[in-house]
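If you want the building blocks of each chain, they are given just below.
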Amino acid sequence: VEVEAPVAAPSDSGFYIGVAYSAAKLDQDFSGWEEELDSGDGTYEEWRGSSEVEYDAFMLQAGYKINQYLAVEGRYWKSLSDGDWSYSASGTYNDDPFSEHDSGSDGDFDFEAWGIYVKPMYPVTEELDVYALLGYGNVTLSNEWDDDFVDENDFQWGLGASYALTDKLSVFADYVQLCDADGSESWDDDGYVGEESWEDTVYTVNVGLTYKF
C-alpha cells in the first residue's frame, strides 16, 4: 500500500507593510482660575470649556505575523494639512458671566504619532480577520502658538478587521486610541496666581492596504 506523505500547510507567518488614510481627532476638556493679588481692586476669573481639532493624516505600518493568531506591529502617523479646530469656554470674570466660541481651519495645527503594538488576531473566515492592538507610543500636537500643545507618551489600544483580497494584499479598517491623559499647571507671576487642568483624548480611524511578503 502506497502512503502519501502529508503536504505541509503554507506558512501564515511573515513580514508585512501597509499604508492608510487616517481621520484623527483631539478632544480636550479644560478648567482653570486666575486671581490678581494686589491691594486695589483685584480681578478674579474662572473658566471651563472644551476644544476639538480634526486632521486628515496618513499612516504607515510595518509588522511581523508570527502565526494566524498573533503579530507585532509598528505604526507612524503624520498630518496631511492644517487641522480644523473649534473652541468654546464659559465662566465668570469678577462675578460677571461670559462665554467664548471660535473655530477655523487656518490655525497651523500639526499632528504626529507613533506606536508599537502586540496584535492578537482571530480568523473569522479564511479571508476575514478581526484583531486588537495593545501597545505604547507617543502623540504630539502643535500649533502656531505652542509647539507642545499636546505631547503625551501613553498606553494605546485599537480594534479592527482586515480582509484578504489575494494571498499578498489585504484591506483593513480600525480604530486606535493614541492617548487619554490629563495634566495641570499653576503659576505665580507678576502678581497673578492661577491654575489650569485639562484632559486630552486623541484617536484615529484608519482605512488602508497591507502587503505581505
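Residues numbered from 1 in each chain as written. Predicted model: local features only at pLDDT ≥ 70, side-chain atom pairs only at ≥ 80, totals over all residues. Heavy atoms only, no water.

Chemist: Where do I start with the overall build of the chain in this structure?
Modeler: Counting its regular elements, the chain contains zero helices and ten strands. The order of α-helices and β-strands along the chain, N terminus first, is β-β-β-β-β-β-β-β-β-β. Compactness check: the chain gives a C-alpha radius of gyration of 24 Å against a globular reference of 17 Å for 213 residues, more than 25% above the reference. In terms of its C-alpha atoms, the chain occupies a principal-axis envelope of roughly 105 × 25 × 25 Å. The burial tally for the chain puts 36% of its 213 residues in the buried class. When contacts within the chain are restricted to residue pairs at least 6 apart in sequence, long-range pairs at least 24 apart make up 65% of them. (Helix = DSSP H or I, 4+ residues; strand = E, 2+ residues; numbered from the N terminus. Rg over C-alpha atoms; globule rule 2.2 N^0.38 Å. Buried < 20%, exposed > 50% of the residue type's maximum accessible area, 1.4 Å probe, protein only. Contact = heavy atoms within 4.5 Å.)

Chemist: What should I look at first to understand the packing of aromatic side chains in this one?
Modeler: What characterises a pair of aromatic rings is the spacing of the ring centres plus the angle enclosed by the ring planes. All chains considered together, the criterion is met by eight aromatic pairs. Ring plane angle 50° and centroid distance 5.5 Å describe the contact between tryptophan 157 and tyrosine 175, whose orientation is recorded as tilted. Placement of tryptophan 157 in strand E8 (residues 150-164) and of tyrosine 175 in strand E9 (residues 169-189) is noted, with a sequence separation of 18 residues between them. Overall, the relative accessible area of 27% leaves tyrosine 175 in the partly exposed class. Residues tyrosine 211 and phenylalanine 213 carry aromatic rings whose centres are separated by 5.3 Å and whose planes lie at 85° to one another, so their mutual orientation is edge-to-face. (Phe/Tyr/Trp six-rings, centres within 6.5 Å; stacked < 30°, edge-to-face > 60°.)

Chemist: I would appreciate a short explanation of the side chain of glutamate 152 in the present structure.
Modeler: Checked against the element boundaries, glutamate 152 lands in strand E8. Here glutamate 152 occupies a buried position and makes no salt bridge, while the nearest side chain of opposite charge, arginine 48, is found at 18 Å. Ignoring anything within four residues of it in the chain, the contact list for glutamate 152 reads Gly137, Asn138, Val139, Cys179, Ala181 and Asp200. (Lys, Arg positive; Asp, Glu negative; His and termini not counted. Salt bridge = Lys/Arg side-chain N within 4 Å of Asp/Glu carboxyl O.)

Chemist: Mind showing me how you'd approach the environment of histidine 101 here?
Modeler: By secondary structure assignment, the location of histidine 101 is in strand E5 (residues 96-104). Separated by 15 residues in sequence, histidine 101 and serine 86 place their C-alpha atoms 7.6 Å apart. Excluding anything up to four places from it in sequence, histidine 101 contacts Tyr87 and Ser88.

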